[in-house]
Amino acid sequence: MLRVAIPYGLLSSNQLFKLADIADKYDRGYGHFSTRQNIQFNWPKLEETPNILKELAKVEMHAIQTSGNCIRNITTDQFAGVTYDEIIDPRHIAEILRQWSSFHPEFALLPRKFKIAITGSKKDRALVQCHDIGLEFFKNKNNEIVTKIWVGGGLGRTPVIGSVIKNELEWKHILTYCEAILRVYNLYGRRDNIYKARIKILVKSLGIEEFKKLVDEEWKYIKDGPNTINSEELNRIKKYFSEPDYKKIKKDSLKSHEKDKSFNQWVSKCTNPHKKKGYRSVIFSLKETGNPPGDASSSQMRAVANLSEEYSFSEIRVSHEQNLILADVQEDKLHELWIKAKKYHLVTPNIGLLTDIICCPGGDFCSLANAKSIPIAQSIQDLFEDIDYLHDIGDVNLNISGCMNACGHHHVGHIGILGVDKDGSEWYQVTIGGNQGNFASIGKVIGPSFSAKEMPIVIKKIIEVYLNNRNEEEIFIDCVSRIGLDPFKKYVYQNSEATE
Amino acid sequence: MKSQLIKNKNIVNDEWITVELPKIEQKIKMQAGKVVAFKLSGEDYPTDDQVIKTKYPETGKILLPLKVFRYHQEKLNKRFLNKEIGIWFSTHEEIHKFIEVLGDLNNFPLIAIYVEKFSDGRIFSIGNQLRNKYKFRNELRALGDVLKDQIYFLKRSGFTSYLIRKDRDPNDAIKSLDDFTEPYQGAFDILDPVWKRIKR
């Protein structure tokens, strides 16, 4: 497998065209967009890697720090710079951190991989509380840009919501403060056991107060040092993310398609409000039934690249939910875009719904997996194919991981599915009540695991409990918090063949 | 015998004799189904017995295990004042625990850090701490499983000499000191980040 870095999930159309070419020439005509906003090719030949890297370099792409015990791709909000609820554009800081972390001499051989995420909006779409370091930017009372810092969050084998190590840190100190955190981790993180080597284990074992003390002790020596960011540099970086040439749009153009039900369904689920009047951000679902979640064929990649050139300033974003996004589409062009994208199976109106499944490659492709995950996703998508029923169910995040490394983020799915191995056969453990965003939480296991065959029915039963119990307008996760796990357990395990 | 020591971008003869600890049988530890390749920070090694049994030359410049130096400190004082004593310690030995008893580190012309396994990145942070926190200004050397792959990073983390592992060619390793011409971030060798050095 070759994983290619897509810094903070941002791609130009040229880059996406190149990825499509690589998929055709060196792989089996498709690629897998990952929850780290990167792309993975599953089938390249080892001896062809230098050629692929050469091709990537032509469009300023690479595979550096996409594997190994180092600082990985910095991720952020897929709607950065365009969303209506943004306070700070997190891409500026993401780029500064990207440069700083590239070939960082001190952190090339950490105890384990290290992931940083940044958000600058009211609503956290970057999962900052589930990262080794999570930065949540906002403006403080004095209107200064500051960040709250979460440390030691993570999914994987031991899911943990991060602890707050700083409530408010001035933006200019981010690099030195991250350096201090990483130094303490590098020195004291466990290197004797791969499963206990992430920073979350260190933070838990020391306690956040003691960990913070060690970090502050290190920070003392580098605070205000040469790596302190200055306004000149921040402004220089900002210029690379300047606003495109938006048109002034006054009239509400969506009304003309009021009667087109499926278009409207798509608009309501697959587009996001934009800070500019008359524009929306479009999400192309890579979760069509039958499609392994996150996989895009080369023809889909080319189609998206072409559409981005025509409708969205030649720019594409990858979300951690494994979909592709055109950030700046005029509302009056949405219908036209929808028709064109439909041909390439990119308009399944299921964003945020049950079938918008986050899923790792699983046992079909990954040597670490205990169980297959993609066929489970597909069998669930098959059962919930009726789009009206799906819309009636409303917002539910279903996340699937094929093993406890949790690449499918199952712990923070409203419904989470984890593949487990029992005496050589594949079983699935179900959690509910997980959540991402500002109210992140880890889902709880509902009981013994199920066979692959049972899984769609189990999900169906869970949904039925919700539908029977929900108050008006109450979404799945809120209903779970209100009624608790018991009604779900009781109903799901009636006449079940679940195994201990 | 040809030298494995790189210093100032040259392969040079080592004027120091590196004193090794007597080998002891170490229990093979298992964790998560794998042999543990690392000593944890703070782990008690070398043992007192090893320290007592360590033999060192009576004359010349010697690079001693830290604990051995501490054990014989009084006896070694004259040589110490003559700048004939350097110390080495391993990546799991926590410097903050012995820094005070050592006094001014700059009385040592040479400090070396031993890295048992290539993938042990603690050596970089220790280098950084010695330079920035403890203000050590003399020669800082990397010993042990030191390969071409680390030395660019070692250089940036404060190291100034590298004893390349015996089975590897130092002529090949030396090239890696110039792996990159313009690093992004500020570090020991180039203090300022690229955006302070170059007007863009």
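Residues numbered from 1 in each chain as written. Chains lettered and ligands numbered in written order. Predicted model: local features only at pLDDT ≥ 70, side-chain atom pairs only at ≥ 80, totals over all residues. Heavy atoms only, no water.

**Remarks on the packing of aromatic side chains**
Then, number 1: With the rule as written, the count across this model stands at 22 aromatic pairs over all chains.
Then, number 2: The interplanar angle of 70 degrees and the centroid separation of 5.9 Å between the aromatic rings of Trp43 of chain A and Phe365 of chain A together place this pair among those described as edge-to-face. Residue Trp43 of chain A is found in the loop between strand S4 (39–41) and helix H2 (49–58), and its partner Phe365 of chain A is found in the loop between strand S15 (358–359) and helix H11 (374–383); the two are separated by 322 residues along the sequence.
Then, number 3: Looking at Trp43 of chain A, the relative accessible area reads 32%, which means it is partly exposed.
Then, number 4: In this structure an aromatic cluster arises from ring pairing among Phe103 of chain A together with Phe124, Tyr152, Phe153 and Phe180 of chain B.
Then, number 5: Directly above the ring of Tyr45 of chain B sits Lys39 of chain B, whose terminal nitrogen or CZ lies 4.4 Å from the centroid. (Phe/Tyr/Trp six-rings, centres within 6.5 Å; stacked < 30°, edge-to-face > 60°. Helix = DSSP H or I, 4+ residues; strand = E, 2+ residues; numbered from the N terminus. Buried < 20%, exposed > 50% of the residue type's maximum accessible area, 1.4 Å probe, protein only. Lys NZ or Arg CZ within 6 Å of the ring centre and 35° of its normal.)

**Some thoughts on the interface of chain A and chain B**
Then, number 1: Taken residue by residue, the interface counts 34 residues in chain A and 37 residues in chain B.
Then, number 2: Where chain A abuts chain B, roughly 3,200 Å² becomes buried across the two surfaces, and 58% of that area is made up of carbon and sulfur atoms.
Then, number 3: Considering only the side of chain A, the residues that lose the most area to chain B are Pro105, Leu109 and Arg191 of chain A, jointly responsible for 22% of the buried surface there.
Then, number 4: Glu232 of chain A is paired through a salt bridge with Lys199 of chain B; the nearest N and O atoms lie 2.8 Å apart.
Then, number 5: In this assembly, chain A and chain B are joined by 18 residue pairs in polar contact (both at pLDDT 80 or more).
Then, number 6: Elements with a contribution of two residues or more to the side of chain A that touches chain B: helix H3 (90–101), helix H4 (174–188), helix H6 (208–222) and helix H7 (231–239) of chain A.
Then, number 7: Counting residues per element, the side of chain A that touches chain B draws most heavily on H4 of chain A, which supplies 5 residues.
Then, number 8: Of the residues that constitute the side of chain A that touches chain B, the class distribution is 13 nonpolar, 9 polar and 12 charged. (Contact = heavy atoms within 4.5 Å. Buried area = accessible area lost by both parts, 1.4 Å probe. Salt bridge = Lys/Arg side-chain N within 4 Å of Asp/Glu carboxyl O. Polar contact = N/O pair within 3.5 Å; in protein donor to acceptor, adjacent residues only side chain to side chain. Nonpolar A, V, L, I, M, F, W, Y, C, P; charged D, E, K, R; others polar.)

**Let's talk about the domain arrangement of chain A**
Residues and elements named next belong to chain A.
Then, number 1: Looking at the assigned domains, one finds that chain A contains domain 1 (2–64), domain 2 (90–237), domain 3 (263–342) and domain 4 (358–492).
Then, number 2: Just the C-alpha atoms count here: the centres of domain 3 and domain 4 sit 26 Å apart.
Then, number 3: Taken together, the contact pairs 12 residues of domain 3 with 14 residues of domain 4.
Then, number 4: Between domain 3 and domain 4, a total of about 1,100 Å² is buried, with carbon and sulfur atoms accounting for 50% of that surface.
Then, number 5: When the buried area of domain 3 at its contact with domain 4 is split by residue, Gln265, Thr289 and Pro293 rank highest and sum to 42% of it.
Then, number 6: Applying the counting rule to domain 3 against domain 4 returns 1 salt bridge.
Then, number 7: Across the pair Lys269 and Asp395 runs a salt bridge, and its minimum N-O distance is 3.1 Å.
Then, number 8: Residues that form the side of domain 3 that touches domain 4 fall into these classes: 2 nonpolar, 6 polar and 4 charged. (Domains from an automatic or database assignment.)

**Considering the pattern of salt bridges**
Then, number 1: Under the definition given, this model contains 51 salt bridges over all chains.
Then, number 2: Salt-bridge contacts for Asp192 of chain A lead to Arg190 of chain A; the nearest nitrogen and oxygen are separated by 3.0 Å.
Then, number 3: Residue class for Asp192 of chain A comes out buried when judged on its relative accessible area of 12%.
Then, number 4: Close ionic contact of Arg236 of chain A with Glu233 of chain A constitutes a salt bridge, the shortest N to O distance being 2.9 Å. Within this pair, Arg236 of chain A and its partner Glu233 of chain A are both found in helix H7, separated by 3 residues, close to a single helical turn.
Then, number 5: Taking relative accessible area as the criterion, Arg236 of chain A reaches 14% and is therefore assigned buried.
Then, number 6: Residue classification places Glu233 of chain A among the buried residues on the basis of a relative accessible area of 3%.
Then, number 7: Taken together, the shared-partner salt bridges in this structure form one network comprising Glu106, Glu179, Arg183 and Glu218 of chain A together with Lys133 of chain B.

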